[in-house]
Amino acid sequence: MADAASHQQELPLPFPELSGDQPLLPARMVNEFVYCPRLAYLEWVQGEWDDSADTVHGRHVHRRTDRPGGALPDGEDEPERIHARSITLSSNRLGLIARMDLVEGQGRVVVPVDYKRGKRPHVAKGAYDPERVQLCVQGLLLREHGYTCDEGVLYFAGSRERVRVEFDQELETLTRSAINGLRMVAAAGRIPEPLEDSPKCPRCSLVGICLPDEVNFLRGREATQLRPIAVSRDEAVPVYVQANKASVRKKGDNLEVTVDDQVKARPRIREVSQVVLMGNIYMTTPTLHELLRRGITVSWHSFGGWFLGHSQGTGHGNVELRVAQYRGHDEEQVCLRLARGLVRAKILNSRTLLRRNWRDGSAPRDLLSELKQLADQSRHASGLQSLLGVEGAAASAYFRNFDSLIRKGSDDKASLQFEFSGRNRRPPTDPVNALLSYTYSLLVRTWTVTLSSVGFDPYLGFYHQPRYGRPALSLDLMEPFRPLIADSTVLTAINNGEVRPSDFRTVGNAVSLSPDGRKRLIGVYERRLAQEITHPLFGYRLSYRRLLELQARLLARFLLGEMPDYPNFTTR
Ligand code: SF4
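Rules used throughout
- Residues numbered from 1 in each chain as written.
- Predicted model: local features only at pLDDT ≥ 70, side-chain atom pairs only at ≥ 80, totals over all residues.
- Heavy atoms only, no water.
- Helix = DSSP H or I, 4+ residues; strand = E, 2+ residues; numbered from the N terminus.
- Buried < 20%, exposed > 50% of the residue type's maximum accessible area, 1.4 Å probe, protein only.
- Areas by Shrake-Rupley, 256 points an atom, 1.4 Å probe, with all protein chains shown as cover.
- Pairing = 2+ DSSP bridges.
- Axes fitted to C-alpha atoms, helices over the stretch in contact; angles between N-to-C directions.
- Near = heavy atom within 4 Å.
- Nonpolar A, V, L, I, M, F, W, Y, C, P; charged D, E, K, R; others polar.
- Contact = heavy atoms within 4.5 Å.
- Polar contact = N/O pair within 3.5 Å; in protein donor to acceptor, adjacent residues only side chain to side chain.
- Expected span 1.5 Å × (residues − 1).
- Phe/Tyr/Trp six-rings, centres within 6.5 Å; stacked < 30°, edge-to-face > 60°.

Novice: Help me understand the overall build of the protein chain in this model?
Specialist: Across its full length, the protein chain carries 18 helices and 18 strands. For the protein chain, buried positions account for 55% of its 572 residues. If you sum the accessible surface of the protein chain, you get close to 26,200 Å²; carbon and sulfur atoms cover 49% of it.

Structural data, given as structure tokens:
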């Protein structure tokens, strides 16, 4: 074995020494870059992360090695065997950092051992290049710190096998070129292209963020075979707490909701996507910390359901996306193009709702063709003002006829009379308007949380102009979904008899929902979000909840210049 000093002389620097604020490159990112340059870019430059079954299992495999134990020797002549776990080494000279699962050896001669979930692959070099390169980065760092390190070991937990990896010239060259490649790609500030029809994608934890097949398809690569990979993730669900003076506490791996010291619910935290607190609810600080740590949003509402704000970890690190959003907002043509598409989709989806839910027979043809014409006009609107006019005309035609979608008392299920003669708000003056307003506020919150989790600033829109406290981007993106999710929820709640006249209270001329009525309406709303539909462009099935995230991610891909247009969602 060569000594440490000779190795340091042999090793050309990947880069000149880093200045103080340049980030060190983690060994894991070099692995990702060799697997797929786009994956490394998404994670390292854009700060994206998502768990997959593989990453969760990987953490389980690492649970022992992640616990620090033992230490690397300091002195020259320490004869004892080394067995040091979870060691982090970095070097400004190399611009690298790595956490090593295990370092074994004796004296100054060491071997890094990297734990991998899964079985040893039967390939020529004993392991795939991404893992070999990651291990080699660890070797480079150990040498940099004065150790002799000519080989490493990959331990495959699935088959309990150790594979020896020699740090030969070929592997070092591959490793250095990956390090240089990633730094160059990051400095260029342009995300690498998605892979095409690659078997790597379905295994990739970021497939639902990267959207390789969807991006390729929307760029006109019609031959792209879309795989339902963007929708494979298990879905956690929101927890709503609205009982007056309820408290929410973390108890082990659960959230415990109590009212007057009585436990009312105990959902598992890992099955919670967000916590929605309505009114005077108490949440302990350790609970809030745990939820923030796990990236679970807590949204705060007034007792009446008014969205006050949300608490959300340290925020998303994707600065590139927010810059692209601000840039798009400043470009009149981008705003107009997006606004036209959103309004058109809203009108078409409203038309579909009328067509599908007309109470007595079919919706009038002249109404449907009026809405179709308005949808066509929205495509060619010359500016945001004229688009507002088109949207207003469509909304007026739609709400003029909304009562025809409501079952009346003589119908089997609807024992109640709900009348609707037009849209009003602030405050709503009848039960149907109270239901619509409340459901729109739920939809705004859902979009705000979704957009924030994707990395957008929900307060800067393209169609809705910025105004203090108004989540303009949420209002933009919810337009096509008002009929599909909110109005449809209201119709289901009424027509199935899930809300009743006794669920409303009148103060002055303001009508609002009682807590019980709200609870049932929220139940219908959440059922609607969980409902699966077939995506008209991509052909796979997904829930509305997942669809909102998909749309937000597609908007991100458009604003980042990866796709020629933002594809709005319309149903037939
Ligand atoms: S989904 Fe495919 S293209 Fe996208 S980052 Fe993962 S491996 Fe790369």
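Novice: Help me understand the sheet that holds strand E12 (residues 282–283), please; the structure alone is not making it clear to me.
Specialist: Within a sheet, adjacent strands bond to each other through the backbone by hydrogen bonds, running parallel or antiparallel. The sheet built from four strands is open, its strands ordered E10-E9-E8-E12 with mixed pairing. Of all the strands in the sheet, just strand E10 (262–265) and E12 have a single pairing partner and so form its edges. As defined by bridge partners, strand E8 (residues 247–251) adjoins E12 across two bridges and the pair is classed as parallel. Bridging across to E12, valine 248 finds its partner in methionine 283.

Novice: What is the right way to look at the sheet that holds strand E11 (residues 272–278) in this model?
Specialist: Spatially, E7-E11-E13-E14 is the arrangement adopted by the four strands of the open sheet, whose pairing is mixed. Edge strands, defined here as strands with exactly one partner in the open sheet, are strand E7 (237–241) and strand E14 (307–311). For this sheet, the mean inter-axis angle between neighbouring strands, taken without regard to orientation, is 20 degrees. Where E11 and strand E13 (residues 297–301) come together, five bridges link them in parallel fashion. Along E13, the bridge assignment pairs leucine 277 with tryptophan 300.

Novice: Looking at this model, I keep getting lost on the site of the ligand. Mind explaining?
Specialist: In the vicinity of the ligand, the contacting residues are Tyr35, Cys36, Leu39, Pro194, Leu195, Cys201, Cys204, Val207, Cys210 and Pro212. When grouped by side-chain class, the residues that make up the shell around the ligand number ten nonpolar, no polar and no charged.

Novice: Is there a simple way to explain the environment of asparagine 433 in this structure?
Specialist: Mapped onto the elements, asparagine 433 comes out in helix H14 (residues 431–454). On the basis of relative accessible area, asparagine 433 is assigned to the buried category, the value being 0%. Aside from chain neighbours lying at most four places away, what touches asparagine 433 is Phe420, Gly422, Arg423, Asn424 and Pro428. Side chain to side chain, asparagine 433 and arginine 423 meet in a polar contact 2.8 Å long.

Novice: What's the story with H14 in this structure? I'm lost.
Specialist: Note on helix geometry: an α-helix contains 3.6 residues per turn, so any two residues three or four positions apart are oriented the same way. With 24 residues, H14 extends 35 Å between its outermost C-alpha atoms, agreeing within 8% with the 34 Å of an ideal straight helix rising 1.5 Å per residue. Most of H14 sits inside the fold, with 21 of its 24 residues counted as buried. Its side-chain oxygen placed 3.2 Å from the backbone nitrogen of valine 432, aspartate 430 serves as the N-cap of H14. Taken from the residues just after H14, glycine 455 is the one with a positive phi, measuring 115 degrees.

Novice: Help me out: how do you make sense of the packing of aromatic side chains in this one?
Specialist: For any pair of aromatic rings, the description consists of the separation of the ring centres together with the inter-plane angle of the planes. Enumeration according to the criterion identifies nine aromatic pairs in this entry. A ring pair is formed by phenylalanine 418 and phenylalanine 504, whose centres lie 6.0 Å apart and whose planes are at 70 degrees; its orientation type is edge-to-face. Of this pair, phenylalanine 418 sits in the loop between helix H13 (384–400) and H14 while phenylalanine 504 sits in strand E15 (residues 504–507); the two residues are 86 residues apart in sequence, bridging distant segments of the chain. An identical accessibility class is assigned to phenylalanine 418 and phenylalanine 504; each is buried.

Novice: What is the right way to look at the packing of helix H2 (residues 27–35) against helix H3 (residues 37–45) in this model?
Specialist: How two helices sit against one another is set out by the angle between their axes and by the gap between those axes. The geometry of H2 relative to H3 is characterised by a closest axis approach of 5 Å and an angle of 145 degrees between their N-to-C directions. In this structure, H2 uses Arg28, Met29, Glu32, Phe33 and Tyr35 to contact H3, whose residues at the interface are Pro37, Leu39, Ala40, Glu43 and Trp44. When the residues that make up the contact of H2 with H3 are grouped by side-chain class, the tally is seven nonpolar, no polar and three charged.

Novice: So what exactly am I meant to see when it comes to the side chain of asparagine 31 here?
Specialist: For asparagine 31, the position within the fold is in helix H2. Excluding anything up to four places from it in sequence, asparagine 31 contacts Lys116, Pro130, Glu131 and Gln134.

Novice: Is there a simple way to explain H13 in this structure?
Specialist: Spanning 17 residues, H13 covers 24 Å between terminal C-alpha atoms, matching the ideal 24 Å at 1.5 Å per step. Where H13 is buried, its residues contact helix H11 (332–357), helix H12 (365–379), H14 and helix H16 (481–495).

Novice: I tried to follow the pairing of strand E9 (residues 254–259) on my own but got confused; where do I start?
Specialist: As a general feature of sheets, a regular strand has side chains that alternate between the two faces. Summarising burial for E9: six of the six residues are buried, a large majority. Side chains Asn254, Glu256 and Thr258 project from E9 onto one buried face, and the interleaved Leu255, Val257 and Val259 project onto a second face that is buried too. Judged from the five bridges that link them, E8 and E9 form a sheet pairing that is antiparallel. Among the inter-strand pairings, lysine 251 is bridged to a residue of E9, identified as asparagine 254. Between E8 and E9, which pair antiparallel in sequence order, lie two residues; one of them, glycine 252, sits at a positive phi of approximately 60 degrees. Across three bridges, the pairing between E9 and E10 is antiparallel. From the neighbouring strand, threonine 258 faces E10, where its bridge partner is valine 263. Linking E9 back to E10 in an antiparallel pair, the connection comprises two residues, with aspartate 260 at a positive phi of about 50 degrees.

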